[in-house]
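# Structure assessment
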Amino acid sequence: MSDQATGPLDTTPPPPPHVPADENFRLLIEAVDDYAIFMLDPAGNVASWNPGARKMKGYEAAEILGRHFSVFHTPDDVNAGQPGRELAGAAAHGRYESEGWRVRKDGSKFWANVIVTAIRDDQGTLRGFAKVTQDLTERRRLAELEQIRRFSSHIQAAREEEQARIARELHDELGQQLTALKMALAELHGALEARLADLPQAAAGMQDMHRLIDVSVASLRRIVAGLHPIAIETLGLVPALDWLTEDFSRRYGISVEFQAALGDLTLSDAAAATLFHIVQEALTNVARHARASRVSIDLSARDGACLLRIEDDGQGMRSDARANTRSFGLMGMRERVDRLDGRLVIDDMPGRGVHIAIAIPLMSVLAPGGDGR
Ligand SMILES: Nc1ncnc2c1ncn2[C@@H]1O[C@H](COP(=O)(O)OP(=O)(O)OP(=O)(O)O)[C@@H](O)[C@H]1O
Ligand SMILES: [Mg+2]
């Protein structure tokens, strides 16, 4: 039927709009506003301007047409001959691409990728240049942030390794020597027992030495535990956390309810140390900032992930707390979790305490063959 041609099933494409080819091209350039696209005459003066250029550089067309494109360069680049190099490079090789700082009308800078292309007529005469500029400031900033994050994570790992080494040496060397000293003193004490009755001063001195050694052993333990939780390597994570939470409770008078349900999973030493450090930092924060009376800590494994929740019933974070650039505790926590491909969420409800929830894939935390099978 003849009316099918215009009916809903018509698949013939509509006729092309009657727009001249260069008008189409102009519309295309006008529509792009993420790129500055404009022309330079052979001497480098601005000969056209698009909305993207206006948005990126801040000049209206009327202000910039006819001016030399070196106004977009920094004074240092101008002195170093960069504008001339771009034109000469494009004229010689057809195209010149560079990345660097460029300057907006208001003097602010942005990091740009710039491509200058020579435009020649059919006889090969240079008619000018096409210049396409992309603002990469945000991309560069993100790349820098990522680099800083990796660097600080590296420093933190190195610091922890060094602390672990010092802790092990203190524990193994000094700890053994103090124990040997205590035994030698006890032996001496036994041997002199009968005579000490007549030497009250010596007897008192010996008691003092016993006490001093005990105090030194206790200090050593405290220092070692602060440097590196050796306990987790010898006892395992859960008993080490039992110790940490009880010690915290006693020291600060804040009650801690700690629950662990890891079943027969065995975590790697590195993952156990990470989780221990996270709980340690969270508890330190509770003591310093929370004004809490209770903390609950829950460590479990579910759906292929190791989950750690730390919740206090304190006053919550001050609104400016997260922006504090001198605070490294929460940042370090996040980095530790990142290193294990995990996720950390801090739920901060003013007046209802801080809730930290961490989920780490089990495969990042299990010791080889530690899945209990
Ligand atoms: N449990 C909490 N209750 C209330 N505020 C908290 C809690 N934990 C953290 N904060 C707030 O968040 C901020 C950042 O904590 P973070 O641990 O990163 O740094 P910090 O404890 O101030 O210093 P440090 O670098 O020594 O850890 C704290 O200054 C505090 O204001
Ligand atoms: Mg802290």
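Just so it is clear, the structure is predicted and the values come from calculations on it, not from any experiment.

## Description of the coordination of the magnesium ion (ligand 2)
For a metal with four tetrahedral donors the ideal donor-metal-donor angle is 109.5 degrees, while six octahedral donors give ideal angles of 90 or 180 degrees. The protein atoms that coordinate the magnesium ion (ligand 2) are Glu281 (OE) and Asn285 (OD1), at distances of 2.1 Å. One end of the pair, Glu281, and the other, Asn285, are both in helix H10 (residues 269-290), 4 residues apart, so they sit about a helical turn from each other.

## With respect to helix H5 (residues 82-93)
Compared with an ideal rise of 1.5 Å per residue, which puts 12 residues at 16 Å, H5 spans 16 Å between its outermost C-alpha atoms and is within 8% of the ideal. Looking at the buried side of H5, the elements it contacts are strand S1 (35-40), helix H4 (75-79), strand S2 (95-103), strand S3 (109-120) and strand S4 (126-135). Just beyond H5, the residue with positive phi is Gly94, at close to 90°.

## Observations concerning the UniProt feature "domain: PAC" (unreviewed entry) in the protein
Here, UniProt's "domain: PAC" (unreviewed entry) annotation points to residues 96-148. Regarding residues 96-148, the helix share stands at 23% and the strand share at 57%, and the terminal C-alpha atoms are separated by 31 Å.

## Regarding the domain arrangement of the protein
In terms of domains, the protein is made up of domain 1 (18-135) and domain 2 (229-373). Inter-centroid distance (C-alpha atoms) of domain 1 to domain 2 is 54 Å.

## A word on the site of ligand 1
Residues in close proximity to ligand 1 total 14 residues, the closest being Asn285, His289, Asp312, Phe328 and Leu330. Within the side chain of Glu281, an N or O atom sits 3.0 Å from an oxygen atom of ligand 1. Within the backbone of Leu330, a nitrogen or oxygen atom sits 2.8 Å from an oxygen atom of ligand 1. About the coverage of ligand 1: the protein hides 85% of its 590 Å² of free accessible area.

Criteria and thresholds
Residues numbered from 1 in each chain as written. Chains lettered and ligands numbered in written order. Predicted model: local features only at pLDDT ≥ 70, side-chain atom pairs only at ≥ 80, totals over all residues. Heavy atoms only, no water. Donors = N, O, S within 2.8 Å, 3.2 Å for Na, K, Ca; no water. Helix = DSSP H or I, 4+ residues; strand = E, 2+ residues; numbered from the N terminus. Expected span 1.5 Å × (residues − 1). Contact = heavy atoms within 4.5 Å. UniProt positions renumbered as here; feature names shortened; annotations may be inferred. Domains from an automatic or database assignment. Near = heavy atom within 4 Å. Polar contact = N/O pair within 3.5 Å; in protein donor to acceptor, adjacent residues only side chain to side chain. Areas by Shrake-Rupley, 256 points an atom, 1.4 Å probe, with all protein chains shown as cover.

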